[in-house]
Amino acid sequence: MEEEMSEKSQFGRLLVILLATWVVCIGMYWLPEEWMGIAVRKVDLLSDIRVLPADDALDALLLEEPDSTERSSALPDDSLTLAARRDSAYRKLLAEKGMTDSLPTLIEDFSAAHTGLSRFFAALNRIALMNRPVRIAFLGDSFIEGDILVADFRARMQARFGGHGVGFVPVASEVEQYRPTVYQRSRGWNTHSLLTDKKRAYVLSGLLFEAQADDPSITFRTVDFYPGLEPVSSVKFLYSRNEAAEMRLTCNRGKDTLTAVLPPTGTVAQYETEGLFTDGRFQFRNARGLQALGVALEDNAGVVVDNFSLRGNSGTTLSRLDESSCRRLNEIRPYDLIVLQYGLNVATEDLHDYGWYREQLTEVVRHVQQCFPASDILLLSVSDRSHYRNGAFRTIPAVVSLLKAQRQTAEAAQVTFWNMFRAMGGENGMVRYVKNRWASRDYTHLSFRGGRELAGALYEALMLEKEWYDKMEQTADEYAHEPE
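From a predicted model like this one, the values you see are computed outputs, not experimental measurements.

A.B. asks: Can you walk me through the overall build of the protein in this structure?
C.D. replies: When helices and strands are counted, the protein shows twelve helices and 21 strands. Classification of the 484 residues of the protein by burial places 51% in the buried group. Here the analysis covers contacts within the protein between residues at least 6 apart in sequence; of these, 78% occur between residues at least 24 apart. Carbon and sulfur atoms make up 52% of the accessible area of the protein, which totals about 22800 Å².

Structure representation (C-alpha cells):
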C-alpha cells in the first residue's frame, strides 16, 4: 500500500512539473518585443507547423518599395529640379562606367534639398587642408562585430583618401580574440553596457570600463591583416572620469616609454602621443575612480573608421546616449559621417507591423543628430535573413516589413538611406551568400568574404553619390561665375 501511494505521489509531482514546464514554454511566446532596451526573440513551440504568410505576401511587400519617381514627387517643389538633375547625372555617370545593365544599389537622400551627405563629401574634398582626419563612426550590432564589413570598407576608404590604423578599440570586447584587425587584451576592468545600465553617461561605443583596482592595464598590437593597419602615427587613450591616475605607456617592443599624470576630469577626455607605433601597453597606478572608453590607433590625417558594434543592440537604446558627453566627444573626436546598421535583433518571424520600431528609431536618429549636430547620418536597412520552410531556405517576410519601416524612418528624419537588403540581391539574397560561403549557416551573419562584398557595394554607392555631389558643386560654381 505504501509503495502504491508513493508511486501515485511521484506521478502527481511529475504531472505538476510537466504542467509548469508547459506553462513557462507557452508563456515565453508572449514575451515583449523589447525588455530593458534589449530586443527579445519569442519562443514558438509551434513554429514548424504554424502557417506563415504566403510567398505572394512577401512579393507584395517588395512591390511596395517606392521608385525614384515616387521619391522625387514627394519632395518639396523647390527640390524637384535638383532631384531631376540628380537622376540625369546618375544615368550619365552609370553610362560612363558601363553600368547600365547592372545597376548598383544607390544611396537614397531624404534631406530637404538632397544635401544629406554634403558635409561628409565636403570634408573628403578638403582632406589635404584639414588639421584632422575625416572620421566615420560605424554603429551596429553583431552583424559587424569583429570588424566584419567595416574592415573592408575602412580599407577601401583609406586606400583612396589616405590614413592608417583601425581607429577606436574598446578596453575589452566579447569578440576581441576573433577580431583580426587588431590585437587587444586588458585586465583589471569592470565592464558596463548601455544595454543593461541606465545610470552612467554613455557615448557612441555604448560601453564603459571602471578600474577594479589600482593597477589595470590595456595591451594592443597592430596587425597587417589589411593594408594600412600598421604602423600608426598616433595612439590615444580615451576616458570619461579620473581622480588621480598615473599612466605609463610602453610601446614598440619596450623601446619607448612615456609616463604622464592624467588630468582629473568628470567628462570625456583624451591623452595622445604621436610617433610611429606598432604595439604598446598602458599601465595605470592610483586608478581608483578611473573610467575608460578605449584606445585609438590611427593617423591624424586621411580617413578613420571607428567600429562601434554592440552585440544584441536593436538601436533603440541609442536614445539614452548622454548628449553632453557626446558633444564633448565630438569636440575631441569630430565625426563627419555616422552610419547606423541595426535590425537583426528586431526582426521576428511572426511580426509584420514595425510601426512601433519606426517611431522609436526615428527618435533615435533625431537624438543622434542633437548629440552630433555637425555629422551627416546614413541609415542602413536590415540585411537579408532566411528560415527553412517547405524544404528550402527563404527570406523571412518580417525582414521586408522591417526594411519598409527603416526607410520611413530615414524619410521622417530627413537623412540618407542605403538598402542593404537589395545590395545582397534582394529576396533570398542570403541563400546565395551562404552558397558562396559569404555568410554563416545560421543564414543571418556574414563571413569576412561576405563583408567584403557588402563593403564594396557600400563604398561604390557612396563614391557615386560623391561624384554627383561634385558635379553639382562644379555646376553651381560655374553658374555663379558666369558674366551677367
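From this point, the narrative continues.
A.B. asks: Looking at this structure, how should I read the environment of Leu 380?
C.D. replies: Within the secondary structure layout, Leu 380 lies in strand β18 (residues 376-380). Dropping the residues within four chain positions of it, Leu 380 is found in contact with Phe 138, Val 339, Leu 340, Gln 341, Tyr 342, Gln 406, Phe 417, Trp 418, Met 420 and Leu 458.

A.B. asks: I tried to follow the environment of Met 424 on my own but got confused; where do I start?
C.D. replies: Secondary-structure assignment places Met 424 in the loop between α10 (420-423) and α11 (429-435). On the basis of relative accessible area, Met 424 is assigned to the buried category, the value being 0%. With 40 residues separating them in the primary sequence, Met 424 and Asp 384 have C-alpha atoms 7.1 Å apart. In this structure Met 424 touches Ser 383, Asp 384, Gly 429, Met 430, Arg 432, Tyr 433, Leu 446 and Leu 454, once residues within four positions along its chain are discounted.

A.B. asks: What is the right way to look at empty space enclosed by the protein in this model?
C.D. replies: Sizing a probe to match a water molecule and rolling it over the atoms shows the empty space that remains. For the structure on display, the rule yields four cavities of 30 Å³ or more. Volume-wise, the largest cavity comes out at about 40 Å³. Looking at the largest cavity, the residues that line it are Phe 168, Val 203, Leu 204, Ser 205, Leu 238, Leu 293, Phe 308 and Leu 329. Looking at side-chain class alone, the lining of the largest cavity contains seven nonpolar, one polar and no charged residues. Of the voids in this model, the second largest cavity is the one considered here, and its volume is about 40 Å³. If you trace the second largest cavity, you find it lined by Leu 139, Leu 194, Val 203, Leu 204, Ser 205, Gly 206, Phe 308, Leu 310, Asn 313, Leu 318, Leu 321 and Tyr 342.

A.B. asks: I tried to follow the pairing of strand β11 (residues 246-251) on my own but got confused; where do I start?
C.D. replies: Along a regular strand, successive side chains alternate from one face of the sheet to the other. Bridging between β11 and strand β12 (residues 256-261) involves six bridges; their strand directions are antiparallel. Bridged to Thr 250 within β12 is Thr 257. Adjacent in sequence and paired antiparallel, β11 and β12 are bridged by four residues, among which Asn 252 carries a positive phi angle near 50 degrees. Across six bridges, the pairing between β11 and strand β14 (residues 279-285) is antiparallel. For Thr 250, the partnering residue across the bridge sits in β14 and is Arg 281.

A.B. asks: What is the right way to read the side chain of Arg 179 from this model?
C.D. replies: Structurally, the position occupied by Arg 179 is in the loop between β5 (167-170) and β6 (183-187). A relative accessible area of 11% places Arg 179 in the buried class. The residues contacting Arg 179, other than those within four sequence positions of it, are Gly 146, Asp 147, Arg 154, Val 166, Phe 168, Val 169, Pro 170 and Asn 307.

A.B. asks: Please clarify how the confidence of the model for the protein should be interpreted in this entry.
C.D. replies: Close inspection of predicted coordinates is inappropriate for parts of the model with low pLDDT. For the protein, the mean per-residue pLDDT works out to 86, and 81% of the residues sit at or above 70. Across residues 59-76, confidence stays below pLDDT 50; counting only partners more than four residues off in sequence or on other chains, it has 26 contacts.

A.B. asks: What am I meant to see in the sheet that holds strand β17 (residues 337-341) here?
C.D. replies: Backbone hydrogen bonds hold the strands of a sheet together, and the pairing may be parallel or antiparallel. Strand order in the open sheet made by the six strands is β3-β21-β18-β17-β4-β16, with mixed pairing throughout. The sheet terminates laterally at β3 (108-109) and β16 (303-309), the two strands that pair on one side only. For β18 and strand β21 (residues 416-418), the ladder comprises three bridges, and the chain directions are parallel. The partner of Leu 378 across the bridge, within β21, is Thr 416. Lying over the sheet, helix α8 (residues 355-371) contacts β17 and β18, oriented at roughly 155 degrees with respect to β18.

Calculation criteria
- Residues numbered from 1 in each chain as written.
- Predicted model: local features only at pLDDT ≥ 70, side-chain atom pairs only at ≥ 80, totals over all residues.
- Heavy atoms only, no water.
- Helix = DSSP H or I, 4+ residues; strand = E, 2+ residues; numbered from the N terminus.
- Buried < 20%, exposed > 50% of the residue type's maximum accessible area, 1.4 Å probe, protein only.
- Contact = heavy atoms within 4.5 Å.
- Areas by Shrake-Rupley, 256 points an atom, 1.4 Å probe, with all protein chains shown as cover.
- 1 Å grid on protein atoms, 1.4 Å probe; cavity = no way out; pocket = protein on both sides within 12 Å on 5 of 7 lines; lining within 4 Å.
- Points joined across faces, edges and corners; volume = space filled by probe spheres on them.
- Nonpolar A, V, L, I, M, F, W, Y, C, P; charged D, E, K, R; others polar.
- Pairing = 2+ DSSP bridges.
- pLDDT = per-residue confidence, 0-100.
- Axes fitted to C-alpha atoms, helices over the stretch in contact; angles between N-to-C directions.

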